[in-house]
Amino acid sequence: MTTLTLARAQAIITGALAEARSRGAMPLAIVVLDAGAHPVALAREDGATFFRHRIATAKATGALGMGADTRVLGQRAANNAAFFQAVAVTLDGEIAYSPGGVLVRDAAGLVIGAVGVSGDTGDCDEDCARAGLRAAGLEITP
């Protein structure tokens, strides 16, 4: 199993920020967590609002805790609102179902962490997260 090193986490952040700047995205916060949901690296661009790092963390933690990218969780929540509301209450609200939380997998497909991005639209946040994974040479979930 590949571990999520600081160097790899920083490469994810660098790649995500490069994608954001190429798109003219709003200022982002990006967090990279290991498989145990421990922070490995975090960046908050100048101008990113002060809640952004917490939202990014909620996206990454939610993806890890539920075993799916937050885009998928949002789709599931739309069809099972009572359950996903109970999940949010159980976690004291520290989960976000908006796109931008993406699982990080090694070459064997094992989850080794998650990246959370917040600051622009969910679609842009997710695209930046995936660009960061590609830049770090990591597997991307479908």
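Report on the accompanying structure. (Residues numbered from 1 in each chain as written. Predicted model: local features only at pLDDT ≥ 70, side-chain atom pairs only at ≥ 80, totals over all residues. Heavy atoms only, no water.)

**Quick word on unusual backbone geometry**
Glycine aside, residues mostly have negative phi, and peptide bonds are mostly found in the trans state.
And step 1. With a phi close to 70°, Ala 37 is a non-glycine residue in the positive phi region.
And step 2. Along the chain, Ala 37 turns up in the loop between strand S1 (29-34) and strand S2 (39-44). (Helix = DSSP H or I, 4+ residues; strand = E, 2+ residues; numbered from the N terminus.)

**Some remarks on the pairing of S2**
And step 1. As paired elements, S1 and S2 share 5 bridges and run antiparallel to each other. Residue pairing across strands places Val 32 opposite Ala 41, the latter belonging to S2.
And step 2. Between the end of S1 and the start of S2, which pair antiparallel, lie 4 residues, with Ala 37 showing a positive phi angle near 70°. (Pairing = 2+ DSSP bridges.)

**Let's talk about the packing of aromatic side chains**
And step 1. Taken as a whole and assessed by the stated rule, the structure comprises 3 aromatic pairs.
And step 2. Between the aromatic rings of Phe 50 and Phe 51, the centroid separation amounts to 4.7 Å while the plane-to-plane angle is 55°, which identifies the pairing as tilted.
And step 3. Judged by relative accessible area, which is 46%, Phe 51 ranks as partly exposed.
And step 4. When the centroid spacing of 5.1 Å and the interplanar angle of 85° are considered together, the rings of Phe 83 and Phe 84 count as edge-to-face.
And step 5. Phe 83 sits in the partly exposed class, given a relative accessible area of 42%.
And step 6. Residue classification places Phe 84 among the buried positions, given a relative accessible area of 6%.
And step 7. Among the aromatic residues, ring-to-ring pairing joins Phe 83, Phe 84 and Tyr 97 into one connected group. (Phe/Tyr/Trp six-rings, centres within 6.5 Å; stacked < 30°, edge-to-face > 60°. Buried < 20%, exposed > 50% of the residue type's maximum accessible area, 1.4 Å probe, protein only.)

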